[in-house]
Amino acid sequence: MPEGQVLEFSGLTKRFGAVTAVENFSARIEPGVVTGFLGPNGAGKTTTLRILLGLVTASEGTATIGGVPYAALRHPLQSVGAALEASSFHPARTAHNHLKIYAQAAGLPLSRVDESLAVVGLEEVADRKVGGFSLGMRQRLGLAYALLGDPGVLVLDEPVNGLDPEGIKWMRGLLRTLAAQGRTVLLSSHLLTEVQQSVDNLVIISRGRLVYQGGLAELSETEQTLVVADSPDRAALAAAFTAAALDFDALRSGLVVRGQEPAALGQIALAAGVPLSGLARKGGGIEEIFLDLVSGVRTHPSADAVAVTEVDPEPEALLVAETAPEPEPTLTPTPEPEPTPEPEPEPEPEPEPEPHAGNADEDEVEAEIETAAEANTHGDDDDDDGEAADTGEPAPAQPISARVIPSFDSLLFGPPDDSPHENEDEEGGAAR
């Protein structure tokens, strides 16, 4: 039977440039229970899980599995099973072959492929290509991969996403069975109602910070509940609550009492002979508490372990970084004399007329250009697209290009028969 390991996050911080995805996050995940990792979109859940699995490097802090980072595990697939995405499959590969590749890479027996597919209910479609799978089937295949090495730790990101009600119920029972075997099960989700029925412990994160860690029952303890009671004789009901030493607020919907159960308020009203027209719990549910925690309206003592003072040195470091470069400009004027000798006097002799006067090659080139220009302006009718023919003032660069690039007619029909074929470049261009 595989043994679960403790997952521990200590002062975890991850920055992507100017964006801080996770900030000073500390939590401890125990084996033997299903722990839900909750938070709104963009809270930093996936980044935290990626750091745990060694896919992202933390800026500060540590994330360990059984006291060691993921990279130090001797047999990762047999120690940790993870499913972070339901789309990382080759569409032309069958479900069986997909798991077979990982089993061979990890040195696992191929019998684990069929066993894992049977656990997730995909044994009948093992030979079908993954490209034809639905989202729910891909979720099951991802879970089969996580179970391939029979690990003691399971890390799942949104495992019920895309599952139908039957699949959600099946996933809930499977996770509880795996946790009962002593494994560590950590799953992230934003489906609060589903988490309430699936998990035992909760870790809630908001804006990269821990806002709650503990049991599900502790989150909705009675001291955080609100009960609204109303009566046709509201004054008599208020007097009964006052006689029972209860603190309440009178609202339009009734009398709001904190930290009491509805049954206890009903007993007080019954003893005072006051009829009730309404008695309902308002608040205390996981949805209301979750929204209050992530929005900052409500705080929980379990999040006080995160030291806020550690955030203060950051702006000081920024100030030091800003003040440190100030003396540097005093050093920059010293290399300024270096660019002064850059304008070398050597290029000055280049425009001297001596090399131009004595260089016969350049004179020949210029003569060729002039003759080519005259031939173009008077005898070359093939350059139909040149703008110089329209304006009557040909540019010096156009005769050269006309001399090198063949005309459109010569490309189609070749040079005329009576032409001397002096330009070999045009023949080559026409042949091409």
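What comes next concerns the included structure. Since the structure is predicted, the reported quantities are computational estimates derived from the model, not experimental observations.

The rules behind the values
- Throughout, residues of each chain are indexed from 1 in the direction in which the sequence is written.
- Selection of residues for local features in this predicted model requires a pLDDT of at least 70, selection of side-chain atom pairs for listing and counting requires 80 or more, and totals for whole chains, interfaces and linings are taken over all residues.
- With hydrogens and water set aside, each side-chain value is computed from the structure's full complement of heavy atoms.
- For two strands to count as paired, DSSP must find a minimum of two bridges between them.
- Strands are runs of DSSP state E lasting at least two residues, helices are runs of H or I lasting at least four, and both sets are numbered from the N terminus onward.
- Orientation is described by axes fitted as lines to C-alpha atoms, over the contacting stretch for helices, and by angles from 0 to 180 degrees between their N-to-C directions.
- Only heavy atoms matter for contacts: two residues are in contact if any of them lie within 4.5 Å across the pair.
- Side-chain rings of Phe, Tyr and Trp (the six-membered ring for Trp) are treated as a pair once their centres are within 6.5 Å; stacked means planes under 30 degrees apart, edge-to-face means over 60, and tilted covers the remaining angles.
- Buried, partly exposed and exposed residues are distinguished by accessible area as a fraction of the type maximum, computed with a 1.4 Å probe on protein chains only: under 20%, between the cut-offs, and over 50%, respectively.
- When the NZ atom of lysine or the CZ atom of arginine is within 6 Å of a ring's centre and also within 35 degrees of its normal, the charge is said to sit over that ring.
- Here a cavity means grid points, on a 1 Å grid over the protein atoms only, where a 1.4 Å probe fits yet cannot get out; a pocket means an open set of points with protein on both sides within 12 Å along at least five of seven lines; lining residues are those with an atom within 4 Å of a point.
- Grid points are joined across faces, edges and corners, and a volume is the space filled by probe spheres set on the points.
- Under the grouping applied here, Gly and all other residues not named as nonpolar or charged are polar, the nonpolar ones being Ala, Val, Leu, Ile, Met, Phe, Trp, Tyr, Cys and Pro and the charged ones Asp, Glu, Lys and Arg.

## Overview of the sheet that holds strand β8 (residues 201-206)
- Across the sheet, which stays open at both edges, the six strands sit in the order β5-β6-β7-β3-β8-β9 with mixed pairing between neighbours. Among the strands making up the open sheet, the edge pair consists of β5 (80-83) and β9 (209-215). The mean angle between the axes of side-by-side strands here comes to 15 degrees, regardless of whether they run parallel or antiparallel.
- Examined bridge by bridge, β8 and β9 share six bridges and lie antiparallel to one another. Following the sheet pairing, N201 is matched in β9 by G215.
- Packed on one face of the sheet, helix α1 (residues 45-52) meets β3 (34-38), β6 (153-157), β7 (184-189) and β8 and runs near 150 degrees to β6.
- In this fold helix α6 (residues 165-180) packs onto β3, β6 and β7, with an angle of close to 150 degrees to the strand it touches most, β7.

## A short note on the packing of aromatic side chains
- Under the definition given, this model contains four aromatic pairs.
- With 5.9 Å between their ring centres and 45 degrees between their planes, F25 and F37 make a pair best called tilted. One end of the pair, F25, is in strand β2 (residues 19-29); the other, F37, is in strand β3, with 12 residues separating them in the sequence.
- Note on F37: relative accessible area 3%, which makes it buried.
- Here a set of aromatic residues connected by ring pairs shows up, and it is made of F9, F25 and F37.
- Directly above the aromatic system of F16 lies the positively charged group of K14, at a separation of 5.0 Å from the ring centroid.
- Above the face of the W170 ring, R140 is positioned so that its terminal group lies 4.3 Å from the ring centre.

## Things to note about empty space enclosed by the protein
- Taken as a whole and assessed by the stated rule, the structure comprises two cavities of 30 Å³ or more.
- If you add up the space inside the largest cavity, you get close to 60 Å³.
- Breaking the lining of the largest cavity down by element, the ones donating at least two residues are α6, β7 and α7 (192-198).
- Examining the composition of the lining of the largest cavity, we find that four residues originate from one element, α6, more than from any other.
- Looking at side-chain class alone, the lining of the largest cavity contains seven nonpolar, two polar and two charged residues.
- Contributing to the lining of the second largest cavity are F9, F25, A27, I29, F37, T48, L186 and V203.
- At three residues, the largest contribution of residues to the lining of the second largest cavity is made by β2.
- Each residue belonging to the lining of the second largest cavity can be placed in one class, and the counts come to seven nonpolar, one polar and no charged.

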